[in-house]
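Take a look at the letters that make up each chain.
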Amino acid sequence: MREELESLRIVDHHCHGVVQRELDREGYEGLLTEASEPGALGGTLFDSRLGLAVRRWCAPLLDLPPHAPPDEYVGRRAALDPAEVNRRFLAAAGLDALCVDTGYTPEPLLEPAELGVLAGAPAHEIVRLEDLAERTVAEGAGVAGFPDDVGSKIAARAATAVGAKSVAAYRAGLRLRGERPSPAEVWAAAARLYRQADLAMAGHGGAPRVADETMHRYLVWCAVDCGLPVQFHVGYGDSDVDLHHADPLHLTPLLRALERTGTPVMLLHNYPYHRNAGYLAQVFTNVFLDVSLATHNLGDRAPVLLAEALELAPFGKVLYASDAYGLAEHYYLGALLFRRTLERVLGEGVEEGSWTRSDALRIARLIGSGNARRAYGLDGTG
Amino acid sequence: MREELESLRIVDHHCHGVVQRELDREGYEGLLTEASEPGALGGTLFDSRLGLAVRRWCAPLLDLPPHAPPDEYVGRRAALDPAEVNRRFLAAAGLDALCVDTGYTPEPLLEPAELGVLAGAPAHEIVRLEDLAERTVAEGAGVAGFPDDVGSKIAARAATAVGAKSVAAYRAGLRLRGERPSPAEVWAAAARLYRQADLAMAGHGGAPRVADETMHRYLVWCAVDCGLPVQFHVGYGDSDVDLHHADPLHLTPLLRALERTGTPVMLLHNYPYHRNAGYLAQVFTNVFLDVSLATHNLGDRAPVLLAEALELAPFGKVLYASDAYGLAEHYYLGALLFRRTLERVLGEGVEEGSWTRSDALRIARLIGSGNARRAYGLDGTG
Amino acid sequence: MREELESLRIVDHHCHGVVQRELDREGYEGLLTEASEPGALGGTLFDSRLGLAVRRWCAPLLDLPPHAPPDEYVGRRAALDPAEVNRRFLAAAGLDALCVDTGYTPEPLLEPAELGVLAGAPAHEIVRLEDLAERTVAEGAGVAGFPDDVGSKIAARAATAVGAKSVAAYRAGLRLRGERPSPAEVWAAAARLYRQADLAMAGHGGAPRVADETMHRYLVWCAVDCGLPVQFHVGYGDSDVDLHHADPLHLTPLLRALERTGTPVMLLHNYPYHRNAGYLAQVFTNVFLDVSLATHNLGDRAPVLLAEALELAPFGKVLYASDAYGLAEHYYLGALLFRRTLERVLGEGVEEGSWTRSDALRIARLIGSGNARRAYGLDGTG
């Protein structure tokens, strides 16, 4: 299995840009996990599953021995040109295609095209719906035209983007109703958004911020109307998320409605609710899942995670993603750990007699790339 | 261990009838998992833990080699007399007794007595409470007499049935209050039910449908008053269930009240909340659990599931069930995977030195049949 | 690894007193697990992961062979002086320090100093906040001065205690708001508490009982103002807890606020929400966790538990605790299983190449004692 899997090029269906600047120890740790920073109380974030995986697997790509100490690792990384660091990790990820969420840029990040060049693979765009709505407000379009304006913007992006993403989980939570909101409901939600934006921009130099059940839902339906697959942030994220509002089960009423449209829905991350996501992927014909972000955070323990998600999820409904953000290591580690995970989970089944080697390889290709190609129509058939 | 476990006849304390008609590929996949159908987006449901387990374990009973491809499997199955297929799988399950839920029959299914003959074991009946209530309404008994009528019906069935089952999880959810409802509350709930039934039957050719916290609770207390053990659907089911309303922890207030009556309560299925169920089985003297439905859906990974449930659940509080429905394979696979699970979980403990071989065998007999015999009084002592 | 870990003295940062009386079989089983008693329906509580671990690991300390039958075990225990039983198990736990919660004493228990002598280690005190508040009411201090009185009491105890503990999970649940309550809110909560206490003490010989979101929160902020680390009961407990109100995720808003104060927060027990706790320990700089209580209840399966908690939790944020209560076996078993867990989890990583042996030993020392010493300032630096 190992040989076949090492040469399997995989589709990273959800990832972000990376920084191209020099990072000191604190800056590096600040991007490593979902903690905003290491703290004196808790010690270094290198003392974690993820930190130890970086030392084991990433150090050799920086010409260091495996398990190099953190200071040595960060020092060597800083001694290289940041572009060279990014090139090494992205090239080594063995990607077949990338689907890049371009809607979260608190600092300059590489663009999809740049990532694609480094990875040697086509980079597609995923439109972040709330970001588009907030830009629409900030650009000064009036509230009266907002529903149509944002719909048109999404439609325009749908010409090139391969999917849309909702971060409702971070804002109003995933308890979204199933019904398509009525025009009156959308206008009321738009009015609330403009009031919030007026206050925020006037008083505090703030910005428009979508965090409204109706508005999240409206944006999702706009994407559906444009024929875009819809990604949802689910579960694990940083301390801004209220994790119990990010359980994918809250989406059940909306999933029932979206199933009738045939729109592919991608549940991203999912940890620690990945078994719940597996259930949804079994009972709804249009629901897909990944275990991104958690995969690299769990380091060498990643196989446990996918094995749990695959308890109920049909193998045709599981995707690979890194959710890489900031550090190019995330691209490489995610892909490496995912291949090892497939090898472990599928290989153990072959050894135990649960399935044949040829079924195992076929399933690896589905999960690694076939499912994403089919669901997003990456071969032009979507 | 293997030899002893292979010859251990087990009590399947929760199962349903199976179909006795020919099935094509689509019809077969529609009954295989909790998905209502396979979908073009996600591929075949044979590409799942369960599908691969069917190919491995069930193919030989149809005279095919293990891992026979799906079309070959379904083709061979269709070539046999459906009664012969059912006979083979039910006879091979090695059952000591069956407790059959007769309240869900969207299409003709084998009756308990027929299942018992095929399995070579006595088949007892489990009364589905909501079904009985809905029949009472449909049979035209007036609302005034409804509380007594349904109570009498349950009492009449209690003469032969060994337990009652509530599907509150699928309807109003498991947040049931602990108190026995007052007569006034029951009358109000009955009035609501009759109003719904009138509308449904008049306007749309619909049927009465119990989905009301008070009414579910009333029915449970009727069963308790008749001395029937009460089963609750918990957790995993098809897309009609809102899984987060089916967490067994929602039953905590009612379990506190039922503990005082000494009524055995059986938490069925439980996945992915089986650890929560294990906790309840530890802290309440009358709570039992199983990991049915998930057992065959997890295929060869089933041991993980029972091991997690057994973290807190005392070994005297765990039961076996298949939750077989529609396909006779579910009876056979459930039983086979359960025996393998016991062998794995208990055998590893012997090897590791956690317990003795004689303790392991004693515990296997408890979980496989002794606990169910004691809790349901199957030996006439209940 | 084994040798180093067997000689590693560990800090038990959350435990209780034990009884020093003779126990018959029923009395022993009543203290063994979180069930209040064994029941005829479910059989003996010795038939559980915990019961089998007692027979395996504890029997030899009572001069019995491993796996001695329950009656033999309880009989031999009763034949020894209860003080001798306590001495044997506490001395064998290999503790470096104890932090004893003294606020739950439904029957006479050994005091911290007595436990410390038996364990051969310093015993510190943890103040149970609700207990202190209830005593303040019972001692007759009027409602007008209550907020200041209870604040002063906590401050006085802070001179010697090393931490405070909240049992909000057992009372109002963990949905505590993030804001420090206003004086008016505290007065209103105090008035509610005094009304409840008046009714309870007058009518039914009851006692004051804090079970009020505002009051729990006020007590936590009093502890924070005194510079005390704050422990929260989370998850697993007896049948008095509503487990779904004890999910650590409910604390998210309060954790955001406490992070700004730099106060260490210890999430106790956590099962079955230990992965959620691991997430919180990653994203909040001040959050620590343990897997106490569940560790000994899971017996030889304890490694699974810590491995899951360590998926996201940085190694600098994980503590050891037994949550021993009543039986001295809990002290010994907790410590033994924890050492075996560290050996298993960290040793497997060494074998697999995930980290070096020296990293593994360093991490074991952090989790076993260094983190608790740092977080509680046990070396006088806190």
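Chain A is annotated in an unreviewed UniProt entry as Amidohydrolase-related domain-containing protein of Actinomadura viridis.

S.K.: How should I be thinking about the confidence of the model for chain A in this particular structure?
M.R.: Interpreting fine coordinate detail is not advised for predicted regions of low pLDDT. With 99% of its residues at a pLDDT of 70 or more, chain A has an overall mean of 96. Predicted as a complex, the structure gets a pTM of 0.98 and an ipTM equal to 0.97.

S.K.: Sorry if this is basic, but what is going on with the packing of aromatic side chains here?
M.R.: Any aromatic ring pair is given by two values, namely how distant the centres are and how the planes are angled relative to each other. Enumeration over the complete set of coordinates arrives at 27 aromatic pairs over all chains. Between Y28(B) and F46(B), the aromatic rings sit 5.8 Å apart at their centres with planes inclined by 10°, giving stacked as the arrangement. With Y28(B) in helix α2 (residues 25–32) and F46(B) in the loop between α2 and α3 (49–58), this residue pair connects regions lying 18 residues apart in the sequence. Note on Y28(B): relative accessible area 0%, which makes it buried. For F46(B), a relative accessible area of 1% puts it in the buried group. Relative to Y194(C), the ring of F146(C) lies with its centre 5.7 Å away and its plane at 80°, an arrangement referred to as edge-to-face. A residue pair is termed long-range when its members are at least 10 positions apart, and F146(C) in helix α8 (residues 146–158) and Y194(C) in helix α9 (residues 183–204) qualify at 48 residues. Judged by relative accessible area, which is 11%, Y194(C) ranks as buried.

S.K.: Help me out: how do you make sense of helix α16 (residues 357–376) of chain A in this one?
M.R.: An α-helix turns once every 3.6 residues. As a result, residues three or four positions apart point the same way. All names here are of chain A. For α16, with 20 residues, the first-to-last C-alpha span of 28 Å sits near the 28 Å given by 1.5 Å per residue. Along its length, α16 reaches its greatest deviation from straightness, about 55°, at L366. With respect to burial, α16 is a largely interior element, 14 of its 20 residues being buried. Following α16 by one or two positions, G377 adopts a phi angle in the positive range, close to 65°.

S.K.: Where do I start with the UniProt feature "domain: Amidohydrolase-related" (unreviewed entry) in chain A in this structure?
M.R.: Mapped onto this numbering, the UniProt entry annotates "domain: Amidohydrolase-related" (unreviewed entry) at residues 135–378 of chain A. What you have in residues 135–378 of chain A is 53% helix and 7% strand, and the ends, taken at the C-alpha atoms, are 28 Å apart.

S.K.: Would you take a moment to explain the interface of chain B and chain C for this structure?
M.R.: At the interface, 36 residues of chain B touch 39 residues of chain C. Interface area, chain B with chain C, both sides summed: about 3,100 Å², of which 52% is carbon and sulfur. Looking only at chain B, the three residues that lose the most surface to chain C are R275(B), Y279(B) and E311(B), adding up to 19% of its buried area. Counting every contact that joins chain B to chain C gives seven salt bridges. Residue E311(B) pairs with R301(C) through a salt bridge whose shortest N-O separation is 2.7 Å. Linking chain B to chain C there are 20 residue pairs in polar contact (both at pLDDT 80 or more). At the level of elements, α11 (252–261), α12 (274–283), α14 (302–309), α15 (328–352) and α16 (357–376) of chain B are the ones that each hand at least two residues to the side of chain B that touches chain C.

S.K.: For this particular structure, what's the right way to read the interface of chain C and chain A?
M.R.: One frequent convention defines the size of an interface as the accessible area lost when the parts assemble. Chain C puts 36 residues into the contact, and the matching count from chain A is 39 residues. Between chain C and chain A, a total of about 3,100 Å² is buried, with carbon and sulfur atoms accounting for 52% of that surface. Along the contact surface separating chain C from chain A lie seven salt bridges. Between E352(C) and R56(A) there is a salt bridge, with its nearest N and O atoms 3.3 Å apart. The interface formed by chain C and chain A holds 20 residue pairs in polar contact (both at pLDDT 80 or more) in total. Listing elements by their share of the side of chain C that touches chain A, those giving two or more residues are α11 (252–261), α12 (274–283), α14 (302–309), α15 (328–352) and α16 (357–376) of chain C. Ranked by residue count, the leading element in the side of chain C that touches chain A is α16(C), at six residues. Classifying every residue of the side of chain C that touches chain A by side-chain character gives 16 nonpolar, 11 polar and nine charged.

S.K.: Before we go on, may I ask you to explain the relation of the copies chain B and chain C in this structure?
M.R.: The second copy of the chain is related to the first by a rotation about an axis and a shift along the axis. When chain B is fitted onto chain C, the two copies agree to an RMSD of 0.0 Å after a turn of 120° and an axial shift of 0.0 Å. Here the copies are linked by what is in effect a three-fold axis. The fraction of interface residues of chain B whose copies in chain C are also interface residues is only 3%, indicating that the copies meet through different surfaces.

S.K.: Explain the nonpolar core to me, please; I cannot follow it from the model alone.
M.R.: Y73(A), F232(A), Y73(B), F232(B), Y73(C) and F232(C) are the most contacted members of the largest nonpolar core, which has 390 residues in total. Each residue touching F232(C), except ones within four places of it in the same chain, is listed here: S166(C), L174(C), L176(C), V220(C), L251(C), L254(C), V265(C), M266(C), L267(C) and L268(C).

Rules used throughout
Residues numbered from 1 in each chain as written. Chains lettered and ligands numbered in written order. Predicted model: local features only at pLDDT ≥ 70, side-chain atom pairs only at ≥ 80, totals over all residues. Heavy atoms only, no water. pLDDT = per-residue confidence, 0-100. Phe/Tyr/Trp six-rings, centres within 6.5 Å; stacked < 30°, edge-to-face > 60°. Helix = DSSP H or I, 4+ residues; strand = E, 2+ residues; numbered from the N terminus. Buried < 20%, exposed > 50% of the residue type's maximum accessible area, 1.4 Å probe, protein only. Expected span 1.5 Å × (residues − 1). Bend = angle between axes of the 7 residues up to and from the residue. UniProt positions renumbered as here; feature names shortened; annotations may be inferred. Contact = heavy atoms within 4.5 Å. Buried area = accessible area lost by both parts, 1.4 Å probe. Salt bridge = Lys/Arg side-chain N within 4 Å of Asp/Glu carboxyl O. Polar contact = N/O pair within 3.5 Å; in protein donor to acceptor, adjacent residues only side chain to side chain. Nonpolar A, V, L, I, M, F, W, Y, C, P; charged D, E, K, R; others polar. Least-squares fit on C-alpha atoms with pLDDT ≥ 70 in both. Core = buried A, V, L, I, M, F, W, Y, C linked by side-chain atoms within 4.5 Å.

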